Structures are given as structure tokens and as C-alpha cells.
Amino acid sequence: MKPAIATRSSATENVINLEKVGVSFGVASALVTALAETSLRIAHGEFVALVGPSGCGKSTILKLVAGTLDASQGHVFVAGREVGAAPVRIGMAFQNPTLLPWLNIRDNVMLPLKIVPPFRRGFAAKRKTEYRDRVEALLATVGLAGFGDKFPWQLSGGMQQRASLCRALIHDPTLLLLDEPFGALDQFTREELWEIMQTLWIEKRPTVVLVTHDLKEAAYLASRICVMQARPGRIIEDSVVPFARPRTVEASYEPDFVALTQHLRGRIVAARGNPQAAA
Amino acid sequence: MSPTLRRRLFSIGCILGFFVAWELLCLAFRVSELILPRPSVILVTMWADFPAILPHALQTLYTTLAGFGLGIVIGFLLGMLIGGSRLAYDTAYPMLVGFSSIPKVALVPIFVLWFGAGTVPAILTAMIMCIFPIVVNVATGLSATEPELQDVMKTLRATKLEILWNIGLPRSMPYFFASLKVAATLAFVGSVISETVASNKGIGNLMMIASSNFDVPLVFAGLFILAALGVALYVVFSLIEGRVTGWSVRSDTFSTGG
Ligand SMILES: Nc1ncnc2c1ncn2[C@@H]1O[C@H](COP(=O)(O)OP(=O)(O)OP(=O)(O)O)[C@@H](O)[C@H]1O
Ligand SMILES: [Mg+2]
């Protein structure tokens, strides 16, 4: 089966709207175009996966939406307003571990509750009771029960990554930006977390943008997959994932599913081209 | 015996060995007490003159701690300002460098002119001595904050103040405490300089008078007391440092002690 090309959702509902966005780094003599004339609309409650070769600008797109990076050209709208202005609750898991080294895991995960309204009200009173339980419960779902008192350096890379994921989820974000959140995990933990993510998405329906190198992961989790190419970074394909939910790991071995991942793989191989010749 | 214990004992042995060697060499070469008194003589002097030395030692401790405290407050605030704002950095940094190149002893007469001889100039000189390393380190610590950590806060729509409080401050603590250990010893230098030049109290003044009386063992007793006070203050701040910034050296006592 060939996945259909996505039709764009109605403009009013868009949580994310990139309009002809370009991002370049460096000075004119050595300009790196990370993103060229990219337009992308993501509707409320969609689960979009971004896939593509390394360096094609996936993280750049997430940073634009998160508001930590400014576009060189074009506009970035979040919830209909220029990025940064909208009162959207964002949860972001970064590609690199960014836990604060001076806080233990519990306080790290609790950080958004300290900053983001409405949780910040009464934080001092609730941090030892309600919020503490909330953090412990979330840590337990990702297999980190009992690690709240540990410091980031005492955790393995994969454990740190799961703690980061908890920090992205703790404040019930309506917009989730996940940059390779399962990259450092073994296959089985990863599949467990897919299931947890899927359940969470079905229950709370946040808008999710997931960056991943794992095509099976993209096809399992996402309702829509954007394939990107590098140099210059742009979106070359935008397809809907038609499979019914809840999806299971077993289903990911069925012919339709395999056909989709193989099709994606073909597009990325083509997009990579010949790196030697391109350089 | 654990390796750390053995290392400790070994270093204590070496330090004691230094004084023993001093004692023996003075005895062997019959060095006059007017040139270099033996450690045992110095200790005896310290013991015998204790009632006379104590008020001076307390005075020096008082002026040093007062100057150090002022220096911490002012240095920390100045460091935050310089590390947090480009404009403040560009204006204040060159001025600070210039200021710190001035020999502080040259400032004492000015302070005496303004405030009279005695306690106040000693406190101010101690303060002046210790401000510079604190400012530089706090500013460095703030600017060493990883942009990735700031991005974590920015995606949560944190204000500048919240970022400073939750990221900048904790991040600069290791730098701050490193500077305190230097500043604590510098504060002693400052107050003793001032006491030597313009005061009738304090270890500096005691040593001045003792040396004009050729009471060399008493001069050295003063030095020993200064060194001991300096070491004590250093140790206090090392201990606090371990509690507050253990995360930066990943110490086990930090994680278990909370
Ligand atoms: N701060 C920066 N300064 C200069 N160039 C940058 C910077 N950040 C990213 N780039 C460039 O922008 C391009 C896209 O980077 P980006 O991080 O978005 O890639 P990515 O798709 O996330 O790759 P990966 O899958 O390896 O994480 C890369 O070619 C990179 O060299
Ligand atoms: Mg990336």
C-alpha cells in the first residue's frame, strides 16, 4: 500500500504554522543553510514525526517552535500568534541530556511545575506533597521508581533520557516537542515507552512533534510523517499514517506497516544522495 | 588503612617534618634568634605572651571578617551585574582591572584621611583586597552558563529573573566559592597592611612594635597566628563549599547528605 500524501488541515486549527521559514548560521562567506523556505502546518492534536538524515534541520524546526531559535526568514506562528507570544504550555525533551547537574532527578523533573502557570501557584507548599507524588508516579511509569534522590551524573545515559522525558511531560503540556527521546534506549525499553506515549496521546491528545531516526518508531507513534532532506534542509514528503489505534508492536511486523517503513527508507536514501559527491 | 587516610597522614607528616627540619637546621647552624627564631621558641613566646596577643588577634579577626563580609556582598552583587549585562561588563571590567592593579597599601593613607586611623581603614582595606577575585569569578560563572540549560527555561517561558535564579546562580556557585577561598586569605593581608600602617591595635600593629623592639620571636608569633587564622577561614569555606557545590565535583557526600 502506498501512503497517501497528506491534505493540509484547516488553517484556523493550526497549533504550529511555519511560513516559508529559512534558518542560516554563520557569516556570509561561510553560510550554512540549516532550513530553506520550509512551510509546515500542524493541527491541534496531531502527532507528527520528522525523519531525515543527520543534519537536515529536524532539531532546528523544534527549536524554532520552542522559541529558542529565531528564523532568518519567514514567520513562525504558534497557536496563531508569533512564536513566544502565545500562552501554549510547551514540554520539550532535548536531543542532548540537559538535566540541571545541581538538582536531583526529582527536582529536575519538578522544574516545569515551579515555572509554568497554573502549577507555579503554591509550588512551595505542594513540592513536598502533591507534586512530589506526581513526580514519583511519572518516574515509575518510565521505570525510574526510586531514582528521585539520585543526581544526573549517577544515572546512565538512557536513564537520563527518560528523566528528561518526564520533565517534558510533568506539566501536562499541550504541545510536546520530542527530539530523539528514545535514542539512547534498548529496543525493549523503547517499545515500552512507545506504548506509554501512545496511551498518553490518546488520553490527553496533546499536539506532538517527534524527531526520530527510527522509522518503525515514527510509523508506530505518528499520525503523520514528514521526511526531510539536508543541504539545504527542507521537507520533501508529508504523508499520513493510516493505521488504526491503539497500535501494537506485533502490528509493526504486518505487511502494510513494513511497506510504509520501506517506502520511508527509500525516500531518505534518495534524499541522502551521495554525500561524498555533494560535499 | 584506606588510601585517603594514608594520604592525609602522609601530608600531616610532611608538614610536621618541615617544622622539625626548621628547628634542627637552626640548631645545627646556631642561627641567632634575632634573625630566624626556632619554631619551639616561637611557640613558647606565643604561650607566654598569650594575654597580650589575644586582643590584637581578636581585633584582626574582627576587621578581617567585617571587611570580608562587606567584600562578599558587594563583590557578589557587582559580579552578578557584570556577568548579567553586556554594558556593565564593558564599562566595569576595565575599571576593575585598573583598580586591582593599584597597590592597596597606597590606599590606606586615603582611608585614614577620610575615616581616621584604626578599625575602619582596616575593614575597608580588607574589603578592597577581596572584592576583585569575587567579582571576576561570579561574572565568569554567570557567563559560563550553558545556553542549552537556558533553553530549557526559555521553552517554559521563564522570565529573565527566573533564569538567573534557577540557572545562573547555581551555575556560578562553584566559581563563587573558589573565589571565597582566595578572598578569605587576601582579606587578612588587607587588614594587616592597614594595621601596620595606621592603627594601634591588631596583629599588624603588634608585629610593627615587636620588630622595632627587636623582639623577633614575637614578630614570628604574629605571623603564625595570622597563618593559623587564614587556614581556619579557608577550612570553613571549603566545608561550606563541599555542602553547596558538591554537584560540580560529583562528591558522594553531596548526594547522600542532600
Ligand atoms: N548553532 C549552530 N551553528 C552553526 N550551524 C548550526 C548550528 N546548529 C545547527 N547548525 C547546522 O544546521 C544544520 C541542521 O542542524 P540540526 O541540528 O537541525 O540537524 P538535525 O536534523 O537535528 O540532525 P541530527 O539528526 O543529527 O540531530 C546542520 O547542518 C548543522 O551543521
Ligand atoms: Mg537533531
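Treat the numbers as computed from the prediction; the structure is a model and nothing was measured. (Residues numbered from 1 in each chain as written. Chains lettered and ligands numbered in written order. Predicted model: local features only at pLDDT ≥ 70, side-chain atom pairs only at ≥ 80, totals over all residues. Heavy atoms only, no water.)

Novice: Would you mind going over the overall build of chain A with me for this structure?
Specialist: From N to C terminus, chain A includes 9 helices and 10 strands. Computed over its C-alpha atoms, the radius of gyration of chain A comes to 19 Å, within 12% of the 19 Å expected for a compact globule of 279 residues. Viewed in the frame of its principal axes, chain A has a C-alpha envelope of about 55 × 45 × 40 Å. When each of the 279 residues of chain A is scored for burial, the buried share is 52%. In chain A, once contacts between residues fewer than 6 apart in sequence are set aside, the share between residues at least 24 apart is 69%. Accessible surface, chain A as shown: approximately 12,600 Å² in total, 52% of it carbon and sulfur. Side chains of chain A carry 32 positive and 26 negative charges; the gap between the two charge centres is 5 Å. (Helix = DSSP H or I, 4+ residues; strand = E, 2+ residues; numbered from the N terminus. Rg over C-alpha atoms; globule rule 2.2 N^0.38 Å. Buried < 20%, exposed > 50% of the residue type's maximum accessible area, 1.4 Å probe, protein only. Contact = heavy atoms within 4.5 Å. Areas by Shrake-Rupley, 256 points an atom, 1.4 Å probe, with all protein chains shown as cover. Lys, Arg positive; Asp, Glu negative; His and termini not counted. Charge placed at Lys NZ, Arg CZ, Asp CG, Glu CD.)

Novice: Help me out: how do you make sense of the confidence of the model for chain A in this one?
Specialist: Atom-level detail of predicted coordinates should not be read off regions where pLDDT is low. Per-residue pLDDT for chain A averages 86, and the proportion of residues at 70 or more is 94%. Ignoring residues within four places in sequence, the model shows residues 1–11 of chain A, a span with pLDDT below 50, making 23 contacts including any to other chains. (pLDDT = per-residue confidence, 0-100.)

Novice: How do you make sense of the interface of chain B and chain A when you look at a structure like this?
Specialist: Size of an interface, as often reported, equals the accessible area lost when the parts are brought together. Residue-level contacts link 20 residues of chain B with 24 residues of chain A. Interface of chain B and chain A: buried area, both sides summed, is about 2,100 Å²; carbon and sulfur atoms make up 70% of it. On the chain B side of the contact with chain A, B:Thr155, B:Leu156 and B:Arg157 bury the most area, a combined 30% of that side's loss. We note a salt bridge from B:Glu162 to A:Arg120, for which the minimum N-O separation is 2.9 Å. Our enumeration of links across chain B and chain A arrives at 3 residue pairs in polar contact (both at pLDDT 80 or more). (Buried area = accessible area lost by both parts, 1.4 Å probe. Salt bridge = Lys/Arg side-chain N within 4 Å of Asp/Glu carboxyl O. Polar contact = N/O pair within 3.5 Å; in protein donor to acceptor, adjacent residues only side chain to side chain.)

Novice: Please explain the sheet that holds strand β3 (residues 47–51) of chain A as it appears in this structure.
Specialist: In any sheet, the strands associate via hydrogen bonds between backbone groups, in a parallel or an antiparallel arrangement. Residues and elements named next belong to chain A. Strand order in the open sheet formed by 6 strands is β6-β7-β8-β3-β9-β10, with mixed pairing between adjacent strands. A strand with exactly one partner marks an edge of an open sheet, and here the two such strands are β6 (90–93) and β10 (234–240). The sheet shows a mean angle of 15 degrees between the axes of neighbouring strands, taken without regard to direction. This element, helix α6 (residues 187–204), spans β3, β7 (175–179) and β8 (207–211) of the sheet and lies at about 160 degrees to β7. On top of the sheet, helix α8 (residues 255–272) reaches β3, β9 (224–229) and β10; it is set at about 20 degrees to β9, its chief contact. (Pairing = 2+ DSSP bridges. Axes fitted to C-alpha atoms, helices over the stretch in contact; angles between N-to-C directions.)

Novice: Looking at this model, I keep getting lost on the site of ligand 1. Mind explaining?
Specialist: All names here are of chain A. Taken together, Phe 25, Ala 34, Ser 54, Gly 55, Cys 56, Gly 57, Lys 58, Ser 59, Thr 60, Gln 95, Glu 180 and His 213 make up all the residues around ligand 1. Contacts to ligand 1 include His 213, whose side-chain N or O atom sits 2.9 Å from an oxygen atom. Protein contacts shield 66% of the accessible area of ligand 1, which totals 630 Å² for the unbound molecule. Considering every element that reaches the shell around ligand 1, the biggest residue donor is helix α1 (residues 58–66), with 3 residues. Looking at the shell around ligand 1, its residues break down into 3 nonpolar, 7 polar and 2 charged. (Near = heavy atom within 4 Å. Nonpolar A, V, L, I, M, F, W, Y, C, P; charged D, E, K, R; others polar.)

Novice: Just checking my understanding: could you explain the sheet that holds strand β2 (residues 32–43) of chain A for this structure?
Specialist: Residue and element names in this part refer to chain A. Read across the sheet, 4 strands follow the order β2-β1-β4-β5 without closing on themselves; strand pairing throughout is antiparallel. The outermost strands of the open sheet, each flanked by one partner alone, are β2 and β5 (81–82). Summarising the sheet, strand β1 (residues 14–25) and β2 pair through 8 bridges and their orientation is antiparallel. Among the inter-strand pairings, Ser 24 is bridged to a residue of β2, identified as Thr 33.

Novice: Before we go on, may I ask you to explain the packing of aromatic side chains in this structure?
Specialist: Describing an aromatic ring pair means giving the distance of the ring centres and the angle of the ring planes. Inspection of every chain in the model, using the stated rule, returns 19 aromatic pairs over all chains. Considering the side-chain rings of A:Phe47 and A:Trp201, the 5.8 Å spacing of their centres and the 70 degrees angle between planes classify their relative orientation as edge-to-face. Here A:Phe47 is found in strand β3, whereas its partner A:Trp201 is found in helix α6, with 154 residues between them in sequence. Exposure remark for A:Trp201: the relative accessible area of 5% places this residue in the buried category. Between B:Phe19 and B:Phe224 the ring centres are 6.0 Å apart and the planes differ by 70 degrees, which places this aromatic pair in the edge-to-face class. Of this pair, B:Phe19 sits in helix α1 (residues 3–28) while B:Phe224 is found in helix α10 (residues 216–249), placing the two residues 205 residues apart along the sequence. (Phe/Tyr/Trp six-rings, centres within 6.5 Å; stacked < 30°, edge-to-face > 60°.)

Novice: Sorry if this is basic, but what is going on with the domain arrangement of chain B here?
Specialist: All names here are of chain B. When the domains of chain B are assigned, the result is domain 1 (1–31) and domain 2 (37–256). Its C-alpha centre places domain 1 at a distance of 29 Å from the equivalent point of domain 2. Taken together, the contact pairs 5 residues of domain 1 with 7 residues of domain 2. Carbon and sulfur atoms make up 73% of the surface buried where domain 1 meets domain 2, a total of about 500 Å² over both sides. The largest contributions to the domain 1 side of the interface with domain 2 come from Phe 19, Trp 22 and Glu 23, which together make up 79% of the buried area. Taken together, the connections running from domain 1 to domain 2 amount to 1 salt bridge. Residues Glu 23 and Arg 38 are paired through a salt bridge, measuring 3.2 Å at the closest nitrogen-oxygen approach. (Domains from an automatic or database assignment.)

Novice: What exactly am I supposed to notice about empty space enclosed by the protein here?
Specialist: Over the atoms, a rolled probe matching the size of one water molecule traces out where space is still vacant. Counted by the stated rule, this structure contains 1 cavity of 30 Å³ or more. There is about 50 Å³ of room inside the largest cavity. What lines the largest cavity is simply A:Met92, A:Phe94, A:Pro112, A:Arg167, A:Ala168, A:His171, B:Val152, B:Thr155 and B:Leu156. Every element with two or more residues in the lining of the largest cavity is listed here: α5 (157–169) of chain A together with α7 (147–155) of chain B. Class assignment for the residues of the lining of the largest cavity results in 6 nonpolar, 2 polar and 1 charged. (1 Å grid on protein atoms, 1.4 Å probe; cavity = no way out; pocket = protein on both sides within 12 Å on 5 of 7 lines; lining within 4 Å. Points joined across faces, edges and corners; volume = space filled by probe spheres on them.)

Novice: Whenever I open this one, the domain arrangement of chain A confuses me. Can you help?
Specialist: Residues and elements named next belong to chain A. Taken as a whole, chain A is organised into domain 1 (1–88 + 176–182 + 207–279) and domain 2 (96–173). Averaged C-alpha coordinates put domain 1 and domain 2 at centres separated by 28 Å. Tallying the contact residues gives 5 residues for domain 1 and 5 residues for domain 2. Together, the buried faces of domain 1 and domain 2 total about 400 Å²; carbon and sulfur atoms form 71% of this surface. Along the contact surface separating domain 1 from domain 2 lie 0 salt bridges. Scanning the region where domain 1 abuts domain 2 turns up 1 residue pair in polar contact (both at pLDDT 80 or more). Split by residue class, the side of domain 1 that touches domain 2 holds 4 nonpolar, no polar and 1 charged.

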